[in-house]
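The lines below spell out each chain.
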Amino acid sequence: MTQVKLKLKKQPNVPLEAESITPDNFAGKNINEIKGLIVYHGKEKEKIGDYFDVSGESSEINDLKIIIEGDLSNIKRIGEKMTSGEIIINGNVGMHVGNQMGGGKILINGNADDWAGAMLKGGELEITGDAGNYIGSAYRGYWKGMENGLIKVKGKVGHESMLWARSSKGAKKFPMLICGGAASFLGIHNHGGTIIVEGDVDRCAGADQAWGTIVIKGKVSRKLPSFKKMGEINEITLPNGDVIKGKFIEYSGDHATKKETNGRLYIAA
Amino acid sequence: MAVRKIKTVYDVVCPFCGTLCDDLEVDVVDNKITEVRNGCQIGTKKFFASNPSEHRYKTPLIKVNGSFKEASWDEALDKAADILVKAKRPLLYGFSSTECEAQSKGVELAEILGAILDNTASVCHGPTILAEQDVGVPTSTLGEYKNRADLVIFWGCNPVHAHPRHLSRYSEFVRGYFRKDGRNDRFIVVIDPRNTHTAQIADLFIQVNPSEDYGLLNAIRAILRGVELDEKEVAGVSMENIKELADKVKSCNFGVIFFGMGLTQSLAHHRNIDAAICLTRELNDHTKFLITPMRGHYNVTGANQVFTWITGYPFSIDFSRGYPRYNPGEFSSVELLLKDQVDASLMVSTDPASNFPAASVKNMFKHPLIAIEPHETPTSVNADIILPPAYAGIECEGTAYRMDSIPLRLRKVKDAPNGLLTDREILERLIEKVKEKKGE
């Protein structure tokens, strides 16, 4: 596997939009060509070379790994719409990291800001720190959020994570979020997404869920009244076939959207 | 003794709140407003505030070494254009208390500058718009409610104080074509954490726990679907009362929900509206039901309309790429200022310094600030340049949109003092200056 290394050399004054940093754009280009790719600084067009030291060598997309060093919390849209290859970010990263990505892998050794992995269509996004609001969500006004792929967050995720997630059994697409904890409205308007939370969750989890599975291994600060208790179970089979063992209380819902629903919320007993 | 001539202007549209009453009568003597008839307390006050006073700016002002110096229009506009052209990420905010013609000029300026364009919906009914974009909205004009509604719900709003003539013109006391007996033909429900003056004259008051409206909406929706819930009480309201309310809303002929900032700006924000709209939609399985937001500023609806028909988006628009992009939470004023991502701002007929969080106001004052503002406000006194306009709707004509998106023509009742320019003229001249500096 070949590597391209980017090292941040100066902080932008206003957020930098760097959707050009993807394996798709770097593939087959030499270092000078990569340095010349465009990034947006406010209303001005600037170049990757203005902000990063670039080293290493590029190759075919499937064989390409991009490693980025530095505090990127003011840099947005890294890995946007990438389809293959790998990005490793050592540091915090700004909004929209890996949004609409279709394949490949992004690993963030730090925290991610809002809309990380928004409308993900495939691939894997891993965050070792916390994530902001709207992780794996639909953008404003869209009815299709995350459609496939996997997001893993070690820490907590923010509000309205996995908004409008959509799965498809026929096409074997099972969007999935695994996180350490979550703020309010986790999995709102869920249409088949799978969410597993290792820790606690704030109010209104699963609001307006039409179908889908939410597993909470910790506590819930306030459960919505429209979820009805079905009973206690010892193991959960997820839509993709995986099994989770442990004592859970099974609730059906959200009954505010449907009288009969196969939406499920499991909370540790 | 000199003869004082009274000029009376009839059918004046009141430029205060979103109700946009259009039946005011205003007396003017020597270019001073002496009497306003038919107006409410707050609307009348605005007309009188346009009279000359020590609070009103008479010429453009530029801050030099910490104190304001009078300047010519040309000098002030030139300096303002300079600031805006040099900024990397300027913010244009406000626009809700001015006429649509000025708003469209604001969009033009933002596009030329590659700026961020936002209006006050960002901090009031922005959540309403987000919810409408997510789930749509079944709505109607106020005249329809006046003539047909026999059940009116006020949720998280207090029109007795905020929209004083709404009740007598459209929603509670007024006699409609099918509601001949006025108040007696309507059942009024108020849902609010506080026992407001609107609640005190209602037929049914439901006191919900603060910030728990989402749970209540959620429970009503489930009950309407015939689901038996496990809970005995939701958001401080007993299950019997919720069932009673559900029966009531199902059995009316024509119902309407009016909601205010009690829903949009309490904990669940746009999700409250999302649920309220879904509830309204589902109620149409049983009867006729509609929903309308109680918009605050008289032309905030217009700002959303104008921005949408020009750019495609109602607020929080970024022009930095040359084309409009939309993302509240990323391009909305409060968030941008909190993160200190703006390096100059132009405030058009608004006072963010008294409404925004302190941390964001602090960041706003760190960078150059231009205020188009007729009065002394916390924002204007901290500005670097003040461009005083004529009062839209009092000293110049224009178009404004009522809360139900009905456009009405504002009237001019008197002349602006000192030949002050209107908001539209100021923005037009600013556009010319900016174009000059950019060499276009």
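Keep in mind it's a predicted model, so treat the numbers as computed, not measured.

### Concerning the overall build of chain A
In step 1: Within chain A, the regular secondary structure consists of three helices and 17 strands.
In step 2: Against the globule reference of 18 Å for 269 residues, chain A gives a C-alpha radius of gyration of 19 Å, in line with a compact fold.
In step 3: Seen along its three principal axes, the alpha-carbon backbone of chain A occupies a region of about 60 × 35 × 30 Å.
In step 4: The burial tally for chain A puts 59% of its 269 residues in the buried class.

### Description of the packing of aromatic side chains
All names here are of chain B.
In step 1: Under the definition given, this model contains 12 aromatic pairs over all chains.
In step 2: Between the aromatic rings of Tyr 145 and Phe 258, the centroid separation amounts to 5.4 Å while the plane-to-plane angle is 90°, which identifies the pairing as edge-to-face. Placement of Tyr 145 in helix α5 (residues 142-148) and of Phe 258 in strand β13 (residues 254-259) is noted, with a sequence separation of 113 residues between them.
In step 3: Ring geometry for Tyr 177 versus Phe 178: centroids 5.0 Å apart, planes at 85°, classification edge-to-face.

### Some details on the sheet that holds strand β4 (residues 44-47) of chain A
In step 1: Reading across the sheet, the four strands line up as β4-β3-β2-β7 (chain A) and stay open at both edges, with mixed pairing between neighbours. One side of each edge strand has no neighbouring strand; the edge strands of this open sheet are β4 and β7 (75-76) of chain A.

### What to know about the layout of surface pockets
All names here are of chain B.
In step 1: If you add up the space inside the largest pocket, you get close to 940 Å³.
In step 2: If you go around the largest pocket, you meet 40 residues; those closest to its centre are Phe 16, Ser 97, Gly 296, His 297 and Tyr 298.
In step 3: For the lining of the largest pocket, the elements supplying multiple residues, two or more each, are α1 (41-49) and α11 (261-264).
In step 4: Classifying every residue of the lining of the largest pocket gives 18 nonpolar, 16 polar and six charged.
In step 5: Roughly 650 Å³ of internal volume is contained in the second largest pocket.

### Let's talk about helix α9 (residues 213-224) of chain B
Residues and elements named next belong to chain B.
In step 1: With 12 residues, α9 extends 17 Å between its outermost C-alpha atoms, agreeing within 8% with the 16 Å of an ideal straight helix rising 1.5 Å per residue.
In step 2: In terms of residue burial, α9 counts as a mostly covered element, since 12 of its 12 residues are buried.
In step 3: Those residues of α9 that sit buried are Asp 213, Tyr 214, Gly 215, Leu 216, Leu 217, Asn 218, Ala 219, Ile 220, Arg 221, Ala 222, Ile 223 and Leu 224.
In step 4: After α9 finishes, the residue Gly 226 shows a positive phi value of roughly 80°.

### Section: the sheet that holds strand β19 (residues 385-387) of chain B
All names here are of chain B.
In step 1: Within the open sheet, the nine strands sit side by side as β5-β4-β19-β18-β17-β6-β7-β15-β16. Their pairing is mixed. One side of each edge strand has no neighbouring strand; the edge strands of this open sheet are β5 (67-70) and β16 (325-326).
In step 2: Here strand β18 (residues 369-372) runs beside β19; their pairing, made up of three bridges, is parallel. Within the sheet, the bridge partner assigned to Ile 370 lies in β19 and is Ile 385.
In step 3: Strands in contact with helix α13 (residues 300-311) are β7 (116-119) and β15 (317-318); relative to β7, the strand with the most contacts, it is inclined by about 150°.

### Looking at the pattern of salt bridges
Residue and element names in this part refer to chain B.
In step 1: The final tally for this structure, using the stated rule, is 51 salt bridges over all chains.
In step 2: Its salt-bridge partner being Arg 183, residue Glu 172 comes within 3.1 Å of it at the nearest N-O pair. Highlighted residues: Glu 172 in the loop between α7 (166-171) and β9 (187-192) and Arg 183 in the loop between α7 and β9, separated in sequence by 11 residues.
In step 3: Residue Arg 183 is classed as buried on the basis of its relative accessible area, which comes to 18%.

### Focus: the interface of chain B and chain A
In step 1: Residue-level contacts link 44 residues of chain B with 47 residues of chain A.
In step 2: Note on chain B versus chain A: buried area summed over both sides is about 3,600 Å², and carbon and sulfur give 47% of it.
In step 3: Summed over the shared surface of chain B and chain A, the result is 11 salt bridges.
In step 4: Among the salt bridges present, the one from Glu17(A) reaches Arg321(B), with a minimum N-O distance of 2.7 Å.
In step 5: The tally of links from chain B across to chain A stands at 25 residue pairs in polar contact (both at pLDDT 80 or more).
In step 6: Put simply, the parts of the chain that give the side of chain B that touches chain A at least two residues each are α2 (73-86), α4 (126-135), α9, α12 (270-283) and β16 of chain B.
In step 7: If you tally residues by element for the side of chain B that touches chain A, the top one is α9(B), at six residues.
In step 8: Residues belonging to the side of chain B that touches chain A are distributed by class as follows: 18 nonpolar, 10 polar and 16 charged.

### Things to note about the domain arrangement of chain B
Residue and element names in this part refer to chain B.
In step 1: Examined at the domain level, chain B breaks down into domain 1 (6-49), domain 2 (61-124 + 298-438) and domain 3 (126-293).
In step 2: Placing a centre on the C-alpha atoms of domain 2 and another on those of domain 3 gives a separation of 34 Å.
In step 3: Tallying the contact residues gives 12 residues for domain 2 and 16 residues for domain 3.
In step 4: Summing both sides of the interface, domain 2 and domain 3 together bury roughly 1,000 Å²; the carbon and sulfur share of this comes to 62%.
In step 5: Per-residue buried area on domain 2 facing domain 3 is highest for Cys 124, Met 403 and Asp 404; these three make up 51% of the total on that side.
In step 6: Run the count over domain 2 and domain 3 and you get zero salt bridges.
In step 7: One can count seven residue pairs in polar contact (both at pLDDT 80 or more) joining domain 2 with domain 3.
In step 8: Across the side of domain 2 that touches domain 3, the residue classes break down as nine nonpolar, one polar and two charged.

### A short note on the packing of helix α3 (residues 100-113) of chain B against helix α17 (residues 423-438) of chain B
All names here are of chain B.
In step 1: Where α3 contacts α17, the axes come no closer than 8 Å and their chain directions differ by 15°. It follows that α3 is roughly parallel to α17 by the angle criterion. For the pair α3 and α17, the crossing hand works out as left-handed. Residues Glu 101, Ala 102, Lys 105, Gly 106, Glu 108, Leu 109, Ile 112 and Leu 113 of α3 lie in contact with α17, whose contacting residues are Asp 423, Arg 424, Leu 427, Glu 428, Leu 430, Ile 431, Val 434, Lys 435 and Lys 438.
In step 2: Looking at the contact of α3 with α17 residue by residue, the classes come out as eight nonpolar, one polar and eight charged.

### What to know about the packing of α9(B) against helix α10 (residues 239-251) of chain B
Residue and element names in this part refer to chain B.
In step 1: Two elements in contact, α9 and α10, have axes separated by 10 Å at closest approach and are oriented at 65°. Of the two elements, α9 crosses α10, and the hand of that crossing is right-handed. The residues of α10 that touch α9, namely those facing Leu 216, Ala 219, Ile 220, Ile 223 and Leu 224, are Met 239, Ile 242, Lys 243, Leu 245, Ala 246 and Lys 250.

### Digging into the environment of Asp114(A)
Residues and elements named next belong to chain A.
In step 1: Examined against the element boundaries, Asp 114 turns out to sit in the loop between β9 (105-109) and β10 (124-127).
In step 2: Judged by relative accessible area, which is 13%, Asp 114 ranks as buried.
In step 3: The sequence separation of Asp 114 and Gly 94 amounts to 20 residues, and the corresponding C-alpha distance is 7.5 Å.
In step 4: When neighbours within four sequence positions are excluded, Asp 114 is seen to be in contact with Met 95, His 96, Gly 132 and Asn 133.
In step 5: Of the polar contacts made by the side chain of Asp 114, one reaches the backbone nitrogen of Asn 133; its length is 3.0 Å.

### Overview of unusual backbone geometry
In step 1: Omega for the peptide link from Gly253(A) to Asp254(A) comes to 15°, which places this bond in the cis form.
In step 2: Topologically, Asp254(A) is positioned in the loop between β16 (243-252) and β17 (263-268).
In step 3: Although it is not a glycine, Phe185(A) sits at a positive phi angle of roughly 50°.
In step 4: Here Phe185(A) shows up in the loop between β12 (176-182) and β13 (191-197).
In step 5: For Phe185(A), a relative accessible area of 2% corresponds to the buried category.
In step 6: Despite not being glycine, Asn65(B) shows a phi value in the positive range, around 50°.
In step 7: Mapping Asn65(B) onto the fold places it in the loop between β4 (61-64) and β5.
In step 8: A residue is classified by how much of its surface remains accessible, and Asn65(B), at 80% relative accessible area, is exposed.

Rules and cut-offs
Residues numbered from 1 in each chain as written. Chains lettered and ligands numbered in written order. Predicted model: local features only at pLDDT ≥ 70, side-chain atom pairs only at ≥ 80, totals over all residues. Heavy atoms only, no water. Helix = DSSP H or I, 4+ residues; strand = E, 2+ residues; numbered from the N terminus. Rg over C-alpha atoms; globule rule 2.2 N^0.38 Å. Buried < 20%, exposed > 50% of the residue type's maximum accessible area, 1.4 Å probe, protein only. Phe/Tyr/Trp six-rings, centres within 6.5 Å; stacked < 30°, edge-to-face > 60°. Pairing = 2+ DSSP bridges. 1 Å grid on protein atoms, 1.4 Å probe; cavity = no way out; pocket = protein on both sides within 12 Å on 5 of 7 lines; lining within 4 Å. Points joined across faces, edges and corners; volume = space filled by probe spheres on them. Nonpolar A, V, L, I, M, F, W, Y, C, P; charged D, E, K, R; others polar. Expected span 1.5 Å × (residues − 1). Contact = heavy atoms within 4.5 Å. Axes fitted to C-alpha atoms, helices over the stretch in contact; angles between N-to-C directions. Salt bridge = Lys/Arg side-chain N within 4 Å of Asp/Glu carboxyl O. Buried area = accessible area lost by both parts, 1.4 Å probe. Polar contact = N/O pair within 3.5 Å; in protein donor to acceptor, adjacent residues only side chain to side chain. Domains from an automatic or database assignment. Parallel < 35°, antiparallel > 145°, perpendicular 65-115°, else oblique. Left-handed = near helix turned anticlockwise from the far one by under 90°.

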